[in-house]
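Here are the chains, one letter per residue:
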Amino acid sequence: MSSVDSVHAVGLAVPEAAARAGTVTVLGAEFSRHLRRVVPHDGYLLTGYDPVTGARCFLACENGYDTGARRRMDREDALGLTRGPVADLVRGPCPAVVLGAGARDESPQARRLHRVMAADCYGSELCVALTERGVAWGTLVLLRERGSRPFSPAEATRAAELARPLALAVKRHVTSAPLRPRLRQFPPLVVVISPNDAVTGVTSAGLDALRRLLPGVYPANERDLFGFVWHITYTARRSAAPALTRAPTAQGWFSLQAQPLEGATAGEVVVTLQPAPAADLLPALARWYGISRRERMVVEHALEGRAVKQIARSMDLSPHTVNDHFKAVYRKTGVTSREELIACLC
């Protein structure tokens, strides 16, 4: 089979495999298994992004960077210090770039990244922005160990051709199962991060929920329990404004918000993890499930407790059209009634 045919076959197979992947860990393993046919690699990191805010909503990795290296890279990416950050790959002519050995860039940023990679025994990295219709749904980083052949321009081209199928696969993974009410509620978990990235305060009530949720969205052990907060913490610091992401888990959707503390030491940030409120969750679900603007407005009115006739008058539509919008939302999300939809959002 030619390389062109192989890339095409991978592009067809990955979305189907993603729909069957029960967790993001399995999703990452499926991505890696299929891509090895066209771009051999030693390890990978698969990141999912909130399609509204662009903040990380999950991470899967195998034979990837250790926690310290991921943290340094999170900081540089969020602060815009990396060579070829995702935003540039989305806007640029090619969604894939080779970093480290095999890269043509010799900028200070590239040299700094190469040092981080070398310290973790990696020599070459191929970063792919998983984009579809101008939206970054995630990134896939493929790694080769030091001493291995660097990623080539031809391999970067193959990876770039798979950017859209892989983006569609991420969407397929998140939306393949019907939207369901969250399995359990839990009190908000609040974490205070100091300017030097130390956890200086944490509420204990939400820790049990954190331990249950993390295996589905972020690879962490007890020692690295708060590793998931760094990317959104740095994002909030960069903008000096709240940063938000909504993450899908087997127990339902939760929201993660980071906000600089007013009147506090510069750089101090508070991060809140909680079941995603409907007002936070609906904009993200609309992107994930392809809910139109009008359909989203109908749902917003329903969340306020309005009847179909009231919604129709408010939107200058017929009750029949309002019901059609509800049916479209039910079809897209897999729910069967207005009551079930509201239960999934609240």
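Here, every reference points to the structure presented above.
Residues numbered from 1 in each chain as written. Predicted model: local features only at pLDDT ≥ 70, side-chain atom pairs only at ≥ 80, totals over all residues. Heavy atoms only, no water.

**A few points about the state of the cysteines**
Within this structure, the stated rule accounts for zero disulfides. Among the cysteines around Cys346, which has no disulfide bond, Cys344 carries the closest sulfur, lying 9.6 Å off. Judged by its relative accessible area of 47%, Cys346 falls in the partly exposed class. (Disulfide = S-S within 2.5 Å. Buried < 20%, exposed > 50% of the residue type's maximum accessible area, 1.4 Å probe, protein only.)

**Some details on the pairing of strand S3 (residues 96–100)**
In terms of burial, S3 is largely enclosed, as five of its five residues are buried. Bridge analysis of S3 against strand S4 (residues 122–132) gives five bridges, and the strand direction is antiparallel. If you follow Leu99 over to S4, its bridge partner there is Glu125. (Helix = DSSP H or I, 4+ residues; strand = E, 2+ residues; numbered from the N terminus. Pairing = 2+ DSSP bridges.)

**Some points on helix H7 (residues 163–175)**
It helps to recall that an α-helix has 3.6 residues per turn; residues three or four apart then point in one direction. In a regular helix each residue adds 1.5 Å, so 13 residues correspond to 18 Å; H7 covers 19 Å between its end C-alpha atoms and thus fits that length. For H7, the full list of buried residues reads Ala163, Pro165, Leu166, Ala167, Ala169, Val170, Lys171, His173 and Val174. (Expected span 1.5 Å × (residues − 1).)

**A closer look at the nonpolar core**
For soluble globular proteins, nonpolar side chains are generally found buried alongside one another. Counting residues in each nonpolar core, the largest one holds 103 residues, and the members touching the most others are Phe31 and Leu126. Element by element, the count of residues in this core is highest for helix H10 (residues 278–289), at eight residues. (Core = buried A, V, L, I, M, F, W, Y, C linked by side-chain atoms within 4.5 Å.)

**Considering the side chain of Ser255**
With respect to the element layout, Ser255 can be found in strand S9 (residues 252–260). Under the relative-accessibility criterion, Ser255 is labelled buried at 2%. Those residues within four positions of Ser255 in sequence are excluded, and the remaining contacts are Leu244, Thr245, Arg246, Thr272, Leu273, Gln274, Pro275, Ala276, Pro277 and Asp280. (Contact = heavy atoms within 4.5 Å.)

**Some remarks on the pattern of salt bridges**
Counting across every chain of the model gives 14 salt bridges. Close ionic contact of Arg164 with Glu132 constitutes a salt bridge, the shortest N to O distance being 3.7 Å. Of this pair, Arg164 sits in helix H7 while Glu132 sits in strand S4, and the two are 32 residues apart along the sequence. Taking relative accessible area as the criterion, Glu132 reaches 6% and is therefore assigned buried. The salt bridge involving Arg296 is made with Glu300; its shortest N-O contact spans 3.2 Å. Pair noted here: Arg296 and Glu300 are both in helix H11 (residues 293–303), with a separation of four residues, about one helical turn. Relative accessible area serves as the criterion here: at 29%, Arg296 is assigned to the partly exposed category. Exposure remark for Glu300: the relative accessible area of 32% places this residue in the partly exposed category. (Salt bridge = Lys/Arg side-chain N within 4 Å of Asp/Glu carboxyl O.)

**Some points on the sheet that holds strand S6 (residues 189–193)**
Within the open sheet, the five strands sit side by side as S7-S6-S10-S9-S8. Their pairing is antiparallel. Looking at strand neighbours, the two that pair on one side only are strand S7 (199–202) and strand S8 (243–249), the edges of this open sheet. On average, each strand axis in the sheet is tilted by 20 degrees relative to the strand beside it, whichever way the strands run. Bridge count for S8 against S9 is seven bridges, and the pairing is antiparallel. Bridge pairing links Leu244 to Gln257 in S9. (Axes fitted to C-alpha atoms, helices over the stretch in contact; angles between N-to-C directions.)

**Notes on the packing of aromatic side chains**
In this structure the tally under the stated criterion is four aromatic pairs. Seen from their ring centres, Trp137 and Trp288 are 5.0 Å apart, and the 55 degrees between their planes marks the pair as tilted. Separated by 151 residues along the polypeptide, Trp137 in strand S5 (residues 135–145) and Trp288 in helix H10 bring together distant segments of the chain. Its relative accessible area of 3% is what places Trp137 among the buried residues. You can call Trp288 buried: its relative accessible area is 3%. Consider the rings of Trp230 and Tyr234, whose centres lie 6.4 Å apart with planes at 25 degrees: the pair is stacked. You can see Trp230 and its partner Tyr234 sitting in helix H9 (residues 230–239), four residues apart, about one turn around the helix. (Phe/Tyr/Trp six-rings, centres within 6.5 Å; stacked < 30°, edge-to-face > 60°.)

**Observations concerning the pairing of S6**
The element S6 is largely enclosed, with a buried count of four among its five residues. In this sheet, strand S10 (residues 269–275) lies alongside S6 in antiparallel orientation, the contact comprising five bridges. Pairing of Ile193 across the sheet is with Val269, part of S10. Where S6 lies against S7, three bridges are found, and the strand directions are antiparallel. Paired with Ile193 across the bridge in S7 is Val199. Here S6 folds back onto S7, and the loop between the two strands holds five residues, one of which, Asp197, carries a positive phi near 65 degrees.

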